[in-house]
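Residue-level structure breakdown
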Amino acid sequence: MNAVLVLNADLGPLHRVPVQHAIRMLMRRVAEIHEAEPDRHLGVFPMPRVLRLVRYVVTRWRYRSGPGWSKCGVLRRDGYRCAYCPSTATTVDHILPRSRGGRNSWKNTIGACYACNQRKGDLTPAEAGMELRFQPLVPTWSGMVQR
């Protein structure tokens with residue numbers, strides 16, 4: 001077992017941590033064992049599967065407008081589909097090229113295959129004669145979790 005699930009005090013899932021970190025949390029009495037491996041111990045502690053925090057932690061990041069931009073996030077948002085052809089997307093393309101002031105943002109980037117990204121180059125889709133198959137959207141936390 002290499003990861004332990006950490007639950008908030010209201011039993012909502014937060015994240016996973018390595019077993020060593022889980023034991024440190026138990027020693028500091030930040031968390032309690034919610035579920036353990038049967039008949040396995042690490043020192044005086046049962047081998048934890050799930051920890052529950054003693055105090056509630058406010059997770060404001062879950063209620064923001066959405067996740068931060070990343071290349072992996074763009075590919076995941078687009079379902080690894082190229083925005084210009086039916087191929088699989090392996091790269092991220094800027095609709096307004098970075099050389100013209102385009103930013104790394106959800107609305108300006110889209111997944112593309114290598115061939116389409118090279119063909120478009122330093123042009124806008126209209127200048128390159130390429131049409132977007134779908135429009136980029138700003139994802140929500142729930143939408144990213146479902147993918």
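Per an unreviewed UniProt entry, the recorded name for the protein is 5-methylcytosine-specific restriction endonuclease McrA, and the organism is Micromonospora echinospora.

**Regarding the overall build of the protein**
When you go through the protein residue by residue, the secondary structure sums to five helices and six strands. In the protein, the succession of helices and strands from N to C terminus is β-β-α-β-β-α-β-β-α-α-α. Relative to the compact-globule value of 15 Å for 147 residues, the protein shows a C-alpha radius of gyration of 22 Å, a clear excess of over 25%. Taken along the three principal axes of its C-alpha coordinates, the protein extends 65 × 30 × 25 Å. Within the protein, buried positions represent 37% of all 147 residues. The contacts of the protein with a sequence gap of at least 6 include a subset with a gap of at least 24, amounting to 55%. Surface summary for the protein: the accessible area is close to 9500 Å², and the carbon and sulfur share equals 53%. The positive charge centre, built from 23 side chains, and the negative charge centre, built from 10, are 5 Å apart in the protein.

**Points about the domain arrangement of the protein**
One frequent convention defines the size of an interface as the accessible area lost when the parts assemble. Taken domain by domain, the protein consists of domain 1 (3–61) and domain 2 (71–136). For domain 1 and domain 2, the distance between their C-alpha centres works out to 41 Å.

**Focus: the state of the cysteines**
By the definition in use, this model includes zero disulfides. With no disulfide of its own, C82 has C85 as its nearest cysteine by sulfur position, at a separation of 3.7 Å. Its relative accessible area of 0% is what places C82 among the buried residues. Summary of cysteine pairing: C116 is not part of a disulfide, and the nearest cysteine sulfur, belonging to C113, is at 3.4 Å. Taking the relative accessible area as the measure of exposure, C116 reaches 7% and is therefore buried.

The rules behind each value
Residues numbered from 1 in each chain as written. Predicted model: local features only at pLDDT ≥ 70, side-chain atom pairs only at ≥ 80, totals over all residues. Heavy atoms only, no water. Helix = DSSP H or I, 4+ residues; strand = E, 2+ residues; numbered from the N terminus. Rg over C-alpha atoms; globule rule 2.2 N^0.38 Å. Buried < 20%, exposed > 50% of the residue type's maximum accessible area, 1.4 Å probe, protein only. Contact = heavy atoms within 4.5 Å. Areas by Shrake-Rupley, 256 points an atom, 1.4 Å probe, with all protein chains shown as cover. Lys, Arg positive; Asp, Glu negative; His and termini not counted. Charge placed at Lys NZ, Arg CZ, Asp CG, Glu CD. Domains from an automatic or database assignment. Disulfide = S-S within 2.5 Å.

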